[in-house]
Every structure is written in structure tokens, then in C-alpha cells.
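So the chains spell out like this:
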Amino acid sequence: MKRRFLAVVAAAVPLVAAAAVSTPVSASPELAAAVSATTVSTGASATATSATATSATATSATAGPSAFSCAPAGIPAPAGTAVESVTAVAVPAGTFQVPGEPPLGGFPVPDVPAHCEVTVTLTHPGANDHAKVNVWLPQAGWSGRFQAVGGSAYAAGDNGAGLAAAVKQGYAAATTDAGVGGALDTSWALDAAGRVDTALLDNFASRSAHEMALVGKEVVAAAYGRAASYSYWNGCSTGGRQGYLEAQRYPTDFDGIKAAAPGVNWNQFEVATLWPQVVMNETRTYPTGCEFDAFNRAALKACDTLDGVADGLISDPQRCDFDPRRLVGTRVECDGKQVTVTAADAEVVRRIWDGPRDVNGKRLWYGLPIGADFRYLAASRTDANGVTTGVPFVVPAAWVATFVQKQPGFDTAHLSRAQFDRIFRAARAEYDQVIGTRDADLSAFRDAGGKLLSWHGDADQLIPTAGTVDYRKRVEERMGGAKKVDDFYRLFLAPGVEHCGLDGGKVDDLAALTAWVEQGSAPSVLHATLTTGTGTTVARDLCRYPMVSRYTGHGDPGAASSFRCVQPPRH
């Protein structure tokens, strides 16, 4: 279904030719000399005072080179913002070197086609923020589609890898930095007085993604002479949370939203992922990564055949009732030494899998999925004196220390159960309305014709998979049951897959989403390539929740055709 193209009444900011030349983020040194640019700066006079929605007719034909302009004119500012500057840069075809360090950056994206990069810098008057919207426009072969790319951890947007991939697929693509830092940077969170910068937090939590959608579509329409036929969101982790929030708060921004491993229920899962540190600190027991791996291997051995065949995957972790105490007394080899698993080790694993509970034993949230790597959330180190302490994962540690406690140096490695309980409740009280992303009412998104496609790895080591299932169940309760919700929102769980582990072409999620949006063909499965617990690569169809994969009884266990999707016994 085509959406109404949203525009805002504001002072137009034309992109006119100027003498200044800027180098685009995607230009490698050898391409810099080939770059051409146009630049214009504006002041607060560009502030939008009102917004109006206008319809724009879009055809499905691919825009040809003659229709393209790398100097689109008349880019308005979204309501409540001012445009500070606009640049447009023509970039030749070539290899894009993603900035940063692995795994988020530091790798090349080859064969990126010639494209135009437009950067619009927005500010909210009085907030002293500077949020950049980056739009990449293929000079030829545009599919007529617009794709917005989400962020990761504390980065609100993409570092160029997603934009490059989208342009290679014929999309016009956009992202925003929301005026904040990189994935692990929270230096922006507190002002000089030690108070949370609510303007920047609002940017990161919600409004910058929405404003990017508005600006990105305007840039596309100006560059190609027509609006995009369809608009899509593409994100995982923080990007997944942003996609869900778009559906909840800005239901007409996108026709289709792909939101993987979403950080919904933000305050619950962020604080909850410190629970392994609480358990280890409370018990003074710190199993090594090697010892934790032994528990996961034992769980896989115990539950592998629940899907009818030993294929190195736990296809339905909810049915895996492996008791870690069964491993007590077992000897495992770690770093060339024989180590005996203790009852204390098993109790740590049991409580981490069980998930956080308050001082009275009431469940607060979900635990680490069985089979997920312990090394991120249950890390520890031993100093030269033989003293072992926990090493909290940086993302939840920063949320608790900086945003909740407002003390960046706050010690999250030695939280007591009572402290954890108080912090959990404080985070929800202060931030659920800002960034919780919990609203189960998706009726406006449904009524606008939107489609939400989501997948989550069953072995996600950073965001508990059960939290996404919890959200889906609450939507069903709110909106008339599973069948009605399936008309516009489908969730797929991926056996053995870690956090965002299917990104990079290992699943046909975007293809499935575009077919659903543009042809009305709702996906019953997603076609994926999985890596088993033994390191084998297999083809598998991801089943639509709540169905699970089961072996047919014959055929190659590495082939998707040897499995079918069935209702799990608990349903």
C-alpha cells in the first residue's frame, strides 16, 4: 500500500552550487579528487512552524539518469527543527571502506555504484543539538524504493555499511546520527551540571529517526523528481528498537519495517543483562568462558533431538529443560588443565538462565537463552593477585551508570540484589515513556497498511529472545489474537543464531518484506543459512511464531526441505 508522502511547511533550503568542496564519508582517498559538491548553510529562519501532509503520486518505473539531480532543491525542515546546513556530493563508483574497527567497521564494501550523498544537518532551536541526516542516492538504477537504516547500541544510525549495501540493491537510503556519538559513546548523555541531556536523549530514543524519514523522503523526491513508491525501515538491535518505535509512534513513516533482534522493552532488558554480574558477585563464583561453554555443549546434547534429528541446533529452546546440576562433578579441559565443575558453577548457570528476580523471588525479566554465549554478559577477569571480579558488558553498564545513576563511574560489577532491584524499578519509572518501546497498540500502523517483519536469534547473547516474544504476546492480547496480528506483524525465531547473526545476507528478510508490502504475499517462512553448534552450515526455513521446525523423518538434515513448521507441543 502506498503511503501519503509527508511534507512539512517550512523555509525551503535549496541546494545551490557553491565554491566549497567537501569530501563525502564514502569517498576513499583515491576518489576524493573526483568528487564534486554543492553546499548551503542556513540559520534559524528555516524553523518549521507547522506541518501538513500532502499526497504525492509515485510511479513504479525505475528513474533513469536523465531524471536524476545531485542538487535537489527545496528541502524543508520538519516541524520544530531548523536546517543548519545542506551538502550534496557526487561520488564515483568504487569500494567503500567502512570507518571504525571490527566488527562494526574496518572492512570494505566493494562495487558501490556511483551515487549522490546529501547531508542535511538539523537542530531543535534552544537544544544546541546538531543531528545529521545522510541520504545516499544511486545515480542510475533506482528501484523507486526508499530505505532508512537504523543504528546499534548507542549509535542512532549507520556508519555507511548499511547505506552502501542499500544503494547496491537499488534503494535510495538514509540514516541519522541524531546528534549523538558512536555505538559505545555516552559522553553526550549528561550536561555540565550532571543532568541527563533530555534533548539528545529524545533524539536518540525517537524523534531523530522520524525526522530522518521526513527529510530523507523530501531529498529523494527532489533528486528524482518524484516521491519514492515505497518506504522501508531496516534495522537490528538498536535499529530493531527504532523500527518498533516507528510503528508505535509514527505509523505512517514506513510501508514496511524490518526490525531484527529488537531492543524493545529497553529498560527491562538493559538492566536485566547485568543480572549475570549480580549472580556471580553474590555467590563469589566466576566460571571461566571455557566452563560456561561446557554447560552449553551439555544443553545442546540434551536438547538437540527435540526437533527429531541431531542437527546441532536447539530448534525450540523453550522445551529444553536441561538442568545444569547434571554437570556437577564433570571434568572439562580448559587451557590445557582439567577443571571439575562444581555445584556453585551450576547454580550460577541456573540463575543466569532463569533470569533476574527481585529480593522476594519475583521474576523481573528474562534470562540469557539456553545455548547463548556467556562471554559477553558473564565476563570476569583475575588480577595479578588472583582476585577475580566481574566485567559487566559495556552497553547495560553505561545505561545504569550514566542514565539511571547519573554517575559515569558507578560500579556495576558489584551490585547487590537489593541495589539491582532498586535500579531496575528506577530505570522503568524514569525512562519507560521516553525509550521503553513497549506500547502494544499497533492499531494505527495496522490501519495505515504497514507491515512489520521481525526475527530474533534463539541464542542471542545480548538481548533475551523471550523479551521479543513477550512483546508479540502483548500485541496479540491487545489486538484480537494471533491471527489478526499476523495480518500485519510477523515474528520469526532463528535456532542457534546469536545477536543480529543473520545480517549480511544470511536471510531473505527484506525480499520477504517487499513482497508482503508490494504484492500482498505474507511470508510463512524466511529462508536462512544457519551455523550449527558443531560449526556446520545448513539451510533452514525460519518458522513464523509460534511454530517451530521439525525434521520430517527423512532427507538431508542440512537441507531446508527436510524440515517442516509445526505448532509446538505447549500450544
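In the block above lies the structure referred to throughout.
Peer 1: Break down the pattern of salt bridges for me, with residues and values.
Peer 2: Oppositely charged side chains may form a pair once their charged atoms are brought near each other. A full pass over the atoms with the stated rule returns 23 salt bridges. Where Asp311 meets Arg540, a salt bridge forms, and the shortest distance between an N and an O atom there is 3.2 Å. Of this pair, Asp311 sits in the loop between α7 (289-303) and β13 (331-334) while Arg540 sits in strand β20 (residues 537-543), and the two are 229 residues apart along the sequence. Between Arg325 and Asp323 there is a salt bridge, and its shortest N-O distance comes to 2.9 Å. Residue Arg325 is classed as exposed on the basis of its relative accessible area, which comes to 51%. Residue class for Asp323 comes out partly exposed when judged on its relative accessible area of 23%. In this structure, a network of salt bridges that share partners links the residues Arg472, Glu476, Asp486 and Arg544.

Peer 1: Can you lay out the pairing of strand β17 (residues 451-457) for me, pointing to particular residues and giving the numbers?
Peer 2: Of all seven residues in β17, seven are buried; the element is thus mostly enclosed. Both faces of β17 are covered, namely the face carrying Lys451, Leu453, Trp455 and Gly457 and the face carrying Leu452, Ser454 and His456. Across three bridges, strand β12 (residues 256-260) lies against β17 in parallel orientation. In the strand pairing of β17, Lys258 is matched with Leu453. By the bridge criterion, six bridges tie β17 to strand β18 (residues 489-494) in an arrangement that is parallel. Its bridge partner being in β18, Gly457 is matched across the sheet by Ala494.

Peer 1: Break down empty space enclosed by the protein for me, citing the residues and quoting the values.
Peer 2: In total, this model carries three cavities of 30 Å³ or more according to the counting rule given. Taken as a whole, the second largest cavity spans an internal volume of roughly 60 Å³. Lining the second largest cavity are Ala272, Thr273, Trp275, Pro276, Ile352, Gly355, Pro356, Tyr366, Gly367, Leu368, Leu377 and Pro464. Per-class residue counts for the lining of the second largest cavity are nine nonpolar, three polar and no charged.

Peer 1: Tell me what's going on with the packing of helix α9 (residues 394-404) against helix α10 (residues 417-435), and back it up with residues and numbers.
Peer 2: Across the interface, α9 lies against α10 with an axial gap of 11 Å and an inter-helix angle of 80°. Compared by their axis directions, α9 and α10 come out roughly perpendicular. In this structure, α9 uses Trp399, Val400, Phe403 and Val404 to contact α10, whose residues at the interface are Ile423, Ala426, Ala427, Glu430, Tyr431 and Ile435. When grouped by side-chain class, the residues that make up the contact of α9 with α10 number nine nonpolar, no polar and one charged.

Peer 1: So what's going on with the layout of surface pockets? Which residues, and what values?
Peer 2: Remark: the empty space left among the atoms is shown by a probe the size of a water molecule rolled over them. In this structure, the second largest pocket occupies an estimated 790 Å³ of space. Where the lining of the second largest pocket is concerned, the elements lending two or more residues are α8 (343-354), α12 (465-478), β20 and β21 (548-551). In the lining of the second largest pocket, the residues fall into 19 nonpolar, five polar and 11 charged.

Peer 1: So what's going on with helix α2 (residues 161-168)? Residues and values would help.
Peer 2: Since the α-helix advances by 3.6 residues per turn, residues separated by three or four positions end up pointing in the same direction. Across the eight residues that make up α2, a large majority, six, are buried. Inspection of α2 places Ala161, Gly162, Leu163, Ala164, Ala166 and Val167 among the buried residues, and these make up the whole buried set. Residues of α2 that are buried sit in contact with β5 (94-97), β6 (108-112), β7 (115-123), β8 (131-138), β9 (145-149) and β10 (172-176). Positive backbone phi, at 90°, marks Gly170, one or two positions downstream of α2.

Here is what the cut-offs are and how they apply
Note on numbering: residues in each chain are counted from 1, in written sequence order. Given that this is a predicted model, residues contribute local features only at a pLDDT of at least 70 and side-chain atom pairs are listed and counted only at 80 or more, while totals for whole chains, interfaces and linings are drawn from all residues. Processing note: side-chain calculations cover all non-hydrogen atoms of the structure and skip hydrogens and water entirely. By salt bridge we mean one thing: a side-chain nitrogen of Lys or Arg within 4 Å of a carboxyl oxygen of Asp or Glu. Every helix listed is a DSSP run of H or I at least four residues long, and every strand listed is a run of E at least two residues long, numbered separately from the N terminus. Relative accessibility thresholds used throughout: buried, under 20% of the residue-type maximum; exposed, over 50%; partly exposed, between the two (1.4 Å probe, protein chains only). Here a strand pair is declared whenever DSSP counts at least two bridges between the two strands. Buried and open spaces are told apart on a 1 Å grid over the protein atoms alone, a cavity being a set of points where a 1.4 Å probe fits but cannot get out and a pocket being an open set with protein on both sides within 12 Å along at least five of seven lines. Residues with an atom within 4 Å of a point are the lining residues. Grid points are joined across faces, edges and corners, and a volume is the space filled by probe spheres set on the points. Note that Gly is not counted as nonpolar here; it falls among the polar residues with everything else outside the nonpolar set of Ala, Val, Leu, Ile, Met, Phe, Trp, Tyr, Cys and Pro and the charged set of Asp, Glu, Lys and Arg. Each axis is a line fitted through C-alpha atoms, taken for helices only over the stretch in contact, and angles between the N-to-C directions span 0 to 180 degrees. Note that the term roughly parallel is reserved for angles under 35 degrees, roughly antiparallel for angles over 145, roughly perpendicular for angles of 65 to 115, and oblique for everything else. In this description, contact between two residues means that some pair of their heavy atoms is separated by no more than 4.5 Å.

Read these as layout, nothing more, since geometry by itself doesn't imply function.
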